[in-house]
Amino acid sequence: MTKPPRTIGISLAIIAGVFLFSCLPLTQSIILLSLSARPGMDFMEVESGGQGDTTIVGSEILDINQTPLIIQAIVATAFLTIAALAWRGKPPFIRFVFVGIVLLLTAGNLLQVLALLSAPSPTPLSGIDSASDVSRALRLAQLCMTLLIPAYIVWYLNRGPARAFFRGRYLDTPSADPGSKG
């Protein structure tokens with residue numbers, strides 16, 4: 001009896017989970033940790049083109065709490081390990097672990113996105129602040145992806161082909177007549 005193959009749906013579910021729960025959080029952690037590690041520049045004047053115009057350039061020191069970012073990176077790496085085991089399909093219970101972790105991380109992401117959506121927008125200094133409108137639209141798109149990708153993962157990994165893949169075998173087919181023993 002041959003082992004059931006990993007279907008395209010299983011591959012898509014695992015890759016989408018890795019993107020949402022590992023790639024994005026790891027990228028965010030790496031960028032913010034690298035920005036916080038850079039020393040801030042003092043403000044300095046730069047003369048431009050000999051016309052007597054000066055421009056002031058510089059940056060402030062970023063004060064970023066590194067502990068949540070490190071925890072986020074550890075969780076993302078742990079999810080990547082679970083996803084690698086799910087990709088192999090072994091051990092058979094990894095399907096339940098993968099789905100459980102997806103649901104747990106989705107709940108955390110939902111709380112985070114809903115908190116950001118319900119937070120009051122900062123008061124603009126002058127004029128119309130279109131950045132807050134764009135930010136709100138991006139948060140709504142993030143909310144949709146936070147719901148749709150895990151819904152697909154849970155739905156597909158509970159379908160028959162996925163269960164067969166993780167089980168490592170197809171179920172025996174029942175005979176046409178339930179009363180016959182042959």
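Just above, that's the structure.
Below, the structure is looked at part by part.

**Brief notes about the overall build of the protein chain**
Here comes step 1: Broken down by element type, the protein chain carries five helices and two strands.
Here comes step 2: If you list the helices and strands of the protein chain from N to C, you get α-β-β-α-α-α-α.
Here comes step 3: Partitioning the intrachain contacts of the protein chain with sequence separation of at least 6 by distance along the chain shows that 70% fall at a separation of at least 24.
Here comes step 4: Of the accessible surface of the protein chain, which amounts to about 12500 Å², a share of 66% is contributed by carbon and sulfur atoms.

**Structural notes on the environment of C144**
Here comes step 1: Checked against the element boundaries, C144 lands in helix α4 (residues 130-157).
Here comes step 2: Among the residues examined, C144 registers a relative accessible area of 41% and is labelled partly exposed.

**Structural notes on helix α3 (residues 94-118)**
Here comes step 1: Between its first and last C-alpha atoms α3 spans 36 Å; for 25 residues at 1.5 Å apiece the expected length is 36 Å, and the two agree.
Here comes step 2: Looking at α3, one finds that the buried residues are I94, R95, F98, V99, V102, L105, T106, V113 and L117.

**A look at the packing of helix α1 (residues 8-37) against helix α2 (residues 66-88)**
In a pair of packed helices, the angle between the axes and the distance between the axes together describe the arrangement.
Here comes step 1: The interhelical angle for the contact between α1 and α2, taken along N-to-C directions, is 155 degrees, at an axis separation of 9 Å. Relative to α2, the element α1 is oriented roughly antiparallel. The way α1 lies across α2 gives a crossing that is left-handed.
Here comes step 2: Broken down by class, the residue content of the contact of α1 with α2 amounts to 17 nonpolar, nine polar and no charged.

**Comments concerning a positive patch on the surface**
Here comes step 1: A contiguous patch of positive charge on the surface is contributed by K3, R6, R88 and K90.
Here comes step 2: You can call R88 exposed: its relative accessible area is 52%.

**A look at the environment of L116**
Here comes step 1: Within the secondary structure, L116 sits in helix α3.
Here comes step 2: With 19 residues separating them along the chain, L116 and S135 place their C-alpha atoms 10.0 Å apart.

**Re the side chain of S29**
Here comes step 1: Within the secondary structure, S29 is located in helix α1.
Here comes step 2: The class for S29 is buried, based on a relative accessible area of 2%.
Here comes step 3: Sequence-distant contacts of S29, that is, excluding residues within four places in its chain, are made with L69, Q72 and A73.

**Observations regarding α2**
Here comes step 1: For α2, which comprises 23 residues, the first-to-last C-alpha distance of 33 Å matches the rise-based estimate of 33 Å (1.5 Å per residue) to within 8%.
Here comes step 2: Buried residues of α2: L69, A73, A76, F79, I82, A83 and A86, and no others.
Here comes step 3: Where α2 is buried, its residues meet α1, α3 and α5 (160-167).
Here comes step 4: Note on α2: the residue one or two positions beyond its end, G89, has a positive phi of about 85 degrees.

**Some thoughts on the packing of aromatic side chains**
Here comes step 1: The full count for this structure, using the stated rule, is six aromatic pairs.
Here comes step 2: Between F165 and F166, the ring centres sit 5.2 Å apart and the planes meet at 75 degrees, which makes this aromatic pair edge-to-face.
Here comes step 3: Given a relative accessible area of 4%, F165 falls into the buried group.
Here comes step 4: The class for F166 is buried, based on a relative accessible area of 2%.
Here comes step 5: Cluster of aromatic residues (ring-pair linked, three or more members): F21, F79 and F98.
Here comes step 6: In this arrangement the basic side chain of R6 is found over the ring face of W87, its NZ or CZ atom lying 4.1 Å from the centre.

Rules used throughout
- Residues numbered from 1 in each chain as written.
- Predicted model: local features only at pLDDT ≥ 70, side-chain atom pairs only at ≥ 80, totals over all residues.
- Heavy atoms only, no water.
- Helix = DSSP H or I, 4+ residues; strand = E, 2+ residues; numbered from the N terminus.
- Contact = heavy atoms within 4.5 Å.
- Areas by Shrake-Rupley, 256 points an atom, 1.4 Å probe, with all protein chains shown as cover.
- Buried < 20%, exposed > 50% of the residue type's maximum accessible area, 1.4 Å probe, protein only.
- Expected span 1.5 Å × (residues − 1).
- Axes fitted to C-alpha atoms, helices over the stretch in contact; angles between N-to-C directions.
- Parallel < 35°, antiparallel > 145°, perpendicular 65-115°, else oblique.
- Left-handed = near helix turned anticlockwise from the far one by under 90°.
- Nonpolar A, V, L, I, M, F, W, Y, C, P; charged D, E, K, R; others polar.
- Patch = residues over 30% accessible without salt bridge, like charges linked within 9 Å, V, L, I, M, F, W, Y side chains within 5 Å.
- Salt bridge = Lys/Arg side-chain N within 4 Å of Asp/Glu carboxyl O.
- Lys, Arg positive; Asp, Glu negative; His and termini not counted.
- Charge placed at Lys NZ, Arg CZ, Asp CG, Glu CD.
- Phe/Tyr/Trp six-rings, centres within 6.5 Å; stacked < 30°, edge-to-face > 60°.
- Lys NZ or Arg CZ within 6 Å of the ring centre and 35° of its normal.

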